[in-house]
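One letter stands for each residue in the lines below.
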Amino acid sequence: MLDLSAASAADRVYGEVKELILTNAIAGGELISEGEVAQRCEVSRTPVREAFLRLQAEGWMRLYPKRGALVLPVTDTEARDVVDARILIETHAVRTVVASGRVTGELIANLRRNVALHAKVDADDIATFARLDAEFHQFIVSAGHNGVLADFYLGLAERQRRMTTASVHREPTVTPRIIAEHTALADSIERCDADEFATLLVDHVAGVHRIDDVHAVHVQAGTASMTSALEGQQ
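Residues numbered from 1 in each chain as written. Predicted model: local features only at pLDDT ≥ 70, side-chain atom pairs only at ≥ 80, totals over all residues. Heavy atoms only, no water.

**Student:** Please provide a residue-by-residue account of the nonpolar core, values included.
**Tutor:** With 33 residues, the main nonpolar core has Leu111, Ile140, Ile189 and Phe197 as its most contacted residues. Among the elements of the structure, helix 4 (76-100), helix 5 (105-120), helix 6 (126-143), helix 7 (147-170), helix 8 (174-190) and helix 9 (194-208) are those that each provide at least two residues to this core. With seven residues, the top contributor of residues to this core is helix 9. Those residues in contact with Ile189, other than ones at most four positions away along the chain, are Val94, Val103, Leu107, Ile108, Leu111, Ile140 and Phe197. One finds Leu20, Leu22, Leu55 and Val71 within the second-largest nonpolar core, a separate group that totals 21 residues. (Core = buried A, V, L, I, M, F, W, Y, C linked by side-chain atoms within 4.5 Å. Buried < 20%, exposed > 50% of the residue type's maximum accessible area, 1.4 Å probe, protein only. Helix = DSSP H or I, 4+ residues; strand = E, 2+ residues; numbered from the N terminus. Contact = heavy atoms within 4.5 Å.)

As structure tokens, this is what we get:
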């Protein structure tokens, strides 16, 4: 018979530890033990072990027998890969929306509302700020009405949140920059200027996450051709 209480405990520990990783409460490179987490979550070590195995399978940590779990930091390669994927998907979504004439008042209203909420977030509430940041970009992707790309982008959301949290922790003054750049991105969509959006987006994500300029220019140059290829499949 399935032990539902044990499964529920493992799910809870998994969710709590993952949230601590995404919000940088447990930083990359930090070693944590089953005992510490069990005490913190008020459970036995068994559900903690199950949660750790799941987190390792997803690439968030690496387990070391009798030593604990190492929270894996975001590597430069991972950061560039996430930024590459985001630029391709978001730019494709906006080009699709503009080409089809589907820039709706609802989309613009959602983006404006998100920016307004962003501006009201307390400076110390980095977790909420990062969540709203991810939500802003998800509104854009969803408007493209491509379910496959939207699902793929949703899979990037957690890594996006973690990277944004790390950027804000590293440089708290980046928050007004993010808000201003989100406003500019929304303006470009409202003007139906997909080319301007593509340029602004590259500058935005490369700057916030400190991706080198050469790489950003390379991504920008490749965006149009990749977008054309994607559109050709529709």
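**Student:** Describe the packing of aromatic side chains, and please don't skip the residues or the numbers.
**Tutor:** Counted by the stated rule, this structure contains zero aromatic pairs. Between the NZ or CZ atom of Arg54 and the centre of the ring of Tyr14, over which it lies, the distance is 3.6 Å. The ring of Trp60 carries Arg159 above its face, with NZ or CZ at 4.8 Å from the centroid. (Phe/Tyr/Trp six-rings, centres within 6.5 Å; stacked < 30°, edge-to-face > 60°. Lys NZ or Arg CZ within 6 Å of the ring centre and 35° of its normal.)

**Student:** Which residues make up the pattern of salt bridges, and what values go with them?
**Tutor:** Once their charged atoms are close, side chains differing in charge can pair, the charge on each being opposite to the other. Under the counting rule described, the total for this entry stands at 15 salt bridges. One salt bridge in this structure joins Asp11 and Arg54, with 3.3 Å as the shortest N-O distance. Taken as a pair, Asp11 in helix 1 (residues 4-22) and Arg54 in helix 3 (residues 45-57) lie far apart in primary sequence, 43 residues in all. What makes Asp11 partly exposed here is its relative accessible area of 46%. (Salt bridge = Lys/Arg side-chain N within 4 Å of Asp/Glu carboxyl O.)

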